[in-house]
Amino acid sequence: MAEWVETYRGIVNAWETDTVEHFTIAYYFDRFADARANYFDLIGERELLGARVGIAPSRLHVTFQHELRAGTAFHISSAVTGLGPQAMQLGHQVVDSTTGTTVTWVVETLALPTRVSPAVIEKLGAQTIVWPRPEASDHPPLADAPGFLAARDRVKPWEIAENGALSLPDHVHRFSAAMLQTLTTIGMSAAYMNEHRRGFSTFELDLRLLTGAVAGDMVDVRTSVAHLGNSSLRVLHKMTGPGGRELASMWQSGVHLDMEARRSTKLPADLRALATKLLIKVA
């Protein structure tokens, strides 16, 4: 009978926390990559890694329900949650090892290479369980999302993953930098966050990898503000490589966080006014 498989067990290291004093989202993705690779190892299908499953195109939808802070022990359980002729879904749940509470839900949609044998497909099908969470919904298309330049650098050789392309966490590190540039633009500078003990806490990510960046590529991230709530902000990051080739995109939703109370708090009027100027039209 198909069941969840434990694919990772570890802790949040102090140096993996961010300005909001909890686990940095890029390091979650580092663990998701480990969980995926370990899952294929554990079910005896390591050749799928050699087939570069997960390099692109692929999608990861992540819902953060509770934060993980420095020193927290956690583990990840994974299972096939959907299978088609050209793609599979792999679900992960991140569990606080102390309380047994699922703190994060992840579903990956991975393109399958054409050379995967029918026997492997049959085996994956036998591992499939019912996904216990609602399916990830698509965000509305943007009529115009040119964005502003929020990050620019180059892919380093040590950022290349086992699949030969820019790693998951290194995609997200760049999107995180773009988010901080965006927050600075609306007045949530480092000085503001330190003085008022405020931060930005992400509760949902929707990452789509279109093609792999390689060492030496110049990478740009342009960011657009798509939604502004009472305390929340949703942005769209678009990553491009040489010649403007689109590499990846990520929707990021989060809240203005009171870092003492550890809960969302209303955006001040001056920050809201600046954020409103960046809003783009949603079709």
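This text goes with the structure placed above it.
Residues numbered from 1 in each chain as written. Predicted model: local features only at pLDDT ≥ 70, side-chain atom pairs only at ≥ 80, totals over all residues. Heavy atoms only, no water.

A. The side chain of Thr 202, seen in detail. Mapping Thr 202 onto the fold places it in strand S7 (residues 198-209). Contacts of Thr 202, omitting those with residues within four sequence positions, involve Ile 25, Phe 64, Gln 252, Ser 253 and Gly 254. (Helix = DSSP H or I, 4+ residues; strand = E, 2+ residues; numbered from the N terminus. Contact = heavy atoms within 4.5 Å.)

B. Up close: the environment of Met 218. Relative to the helices and strands, Met 218 resides in strand S8 (residues 218-228). Residue classification places Met 218 among the partly exposed positions, given a relative accessible area of 39%. Considered as a pair, Met 218 and Glu 195 are 23 residues apart in the sequence and their alpha carbons are 35 Å apart. Residue contacts for Met 218: discarding those within four places in its chain leaves Arg 152, Asp 153, Arg 154, Thr 240, Gly 241 and Pro 242. (Buried < 20%, exposed > 50% of the residue type's maximum accessible area, 1.4 Å probe, protein only.)

C. Focus on the pattern of salt bridges. A full pass over the atoms with the stated rule returns 16 salt bridges. For the salt bridge of Glu 21 with Arg 197, the shortest nitrogen-to-oxygen distance reads 3.0 Å. Taken together, the residues span a long stretch of sequence, with Glu 21 in the loop between strand S1 (5-11) and helix H1 (25-42) and Arg 197 in the loop between helix H5 (190-196) and S7 at a distance of 176 residues. For the salt bridge of Arg 208 with Asp 206, the shortest nitrogen-to-oxygen distance reads 3.9 Å. The partly exposed category is assigned to Arg 208, whose relative accessible area is 29%. When salt bridges that share partners are traced, they join Glu 21, Arg 69, Arg 197 and Glu 260 into one network. (Salt bridge = Lys/Arg side-chain N within 4 Å of Asp/Glu carboxyl O.)

D. Layout of the packing of H1 against helix H4 (residues 168-185). In the contact formed by H1 and H4, the axes pass within 8 Å of each other and the chain directions differ by 165°. As the angle between them shows, H1 and H4 are arranged roughly antiparallel. Two packed elements cross with a definite hand, and for H1 against H4 that hand is right-handed. Where H1 abuts H4, its residues Ile 25, Ala 26, Tyr 27, Phe 29, Asp 30, Ala 33 and Arg 36 lie against Leu 168, Pro 169, Val 172, His 173 and Ser 176. Grouping the amino acids of the contact of H1 with H4 by side-chain chemistry returns 8 nonpolar, 2 polar and 2 charged. (Axes fitted to C-alpha atoms, helices over the stretch in contact; angles between N-to-C directions. Parallel < 35°, antiparallel > 145°, perpendicular 65-115°, else oblique. Left-handed = near helix turned anticlockwise from the far one by under 90°. Nonpolar A, V, L, I, M, F, W, Y, C, P; charged D, E, K, R; others polar.)

E. Geometry of the pairing of strand S9 (residues 232-240). Direction of pairing for S8 relative to S9: antiparallel, over a ladder of 8 bridges. Across the sheet, the residue bridging to Val 221 is Met 239, located in S9. The turn linking S8 back onto S9 is made up of 3 residues. With 9 bridges connecting them, S9 and strand S10 (residues 246-258) associate as antiparallel partners. In the strand pairing of S10, Leu 233 is matched with Gly 254. Hairpin geometry of S9 and S10 is characterised by an intervening segment of 5 residues between the two adjacent antiparallel strands and by a positive phi of about 70° at Gly 243. (Pairing = 2+ DSSP bridges.)

F. Structural view of the environment of Ile 121. One can find Ile 121 in helix H3 (residues 118-126). A sequence separation of 56 residues divides Ile 121 from Gln 65, and the C-alpha atoms of the two residues are 32 Å apart. Residues within four places of Ile 121 in sequence aside, it is in contact with Leu 83, Leu 112 and Val 116.

G. Just the nonpolar core, in detail. Grouped together as the largest cluster of nonpolar side chains are 36 residues, with contacts concentrated most on Phe 29, Phe 32, Leu 68, Phe 74, Leu 207 and Met 239. Residue contributions to this core peak at 6 residues, all from H1. Setting aside chain neighbours within four positions, we find Leu 68 in contact with Val 12, His 22, Phe 23, Tyr 28, Phe 74, Val 94 and Val 103. The next biggest cluster of nonpolar side chains, apart from the first, holds 14 residues, and it includes Met 179, Val 225, Leu 228 and Leu 267. (Core = buried A, V, L, I, M, F, W, Y, C linked by side-chain atoms within 4.5 Å.)

H. Expanded view of the side chain of Glu 108. Tracing the backbone through its elements, the reader meets Glu 108 in strand S5 (residues 102-111). What makes Glu 108 buried here is its relative accessible area of 0%. One polar contact links Glu 108 to Arg 36, side chain to side chain, over a distance of 2.7 Å. Every residue in contact with Glu 108, bar those within four places of it in the chain, is listed here: Phe 32, Arg 36, Arg 59, Leu 60, Met 88, Gln 89, Leu 90 and His 92. (Polar contact = N/O pair within 3.5 Å; in protein donor to acceptor, adjacent residues only side chain to side chain.)

I. Fine view of the pairing of strand S4 (residues 87-96). Of all 10 residues that make up S4, 9 are buried, and the element is covered over most of its length. One ladder, built from 9 bridges, connects strand S3 (residues 73-83) with S4; its direction is antiparallel. Residue pairing for S4: Val 80 is matched across the bridge by Leu 90. Between S3 and S4, which pair antiparallel in sequence order, lie 3 residues. Between S4 and S5, which pair antiparallel one after the other, the connecting turn spans 5 residues, and Gly 100 there sits at a positive phi close to 80°.

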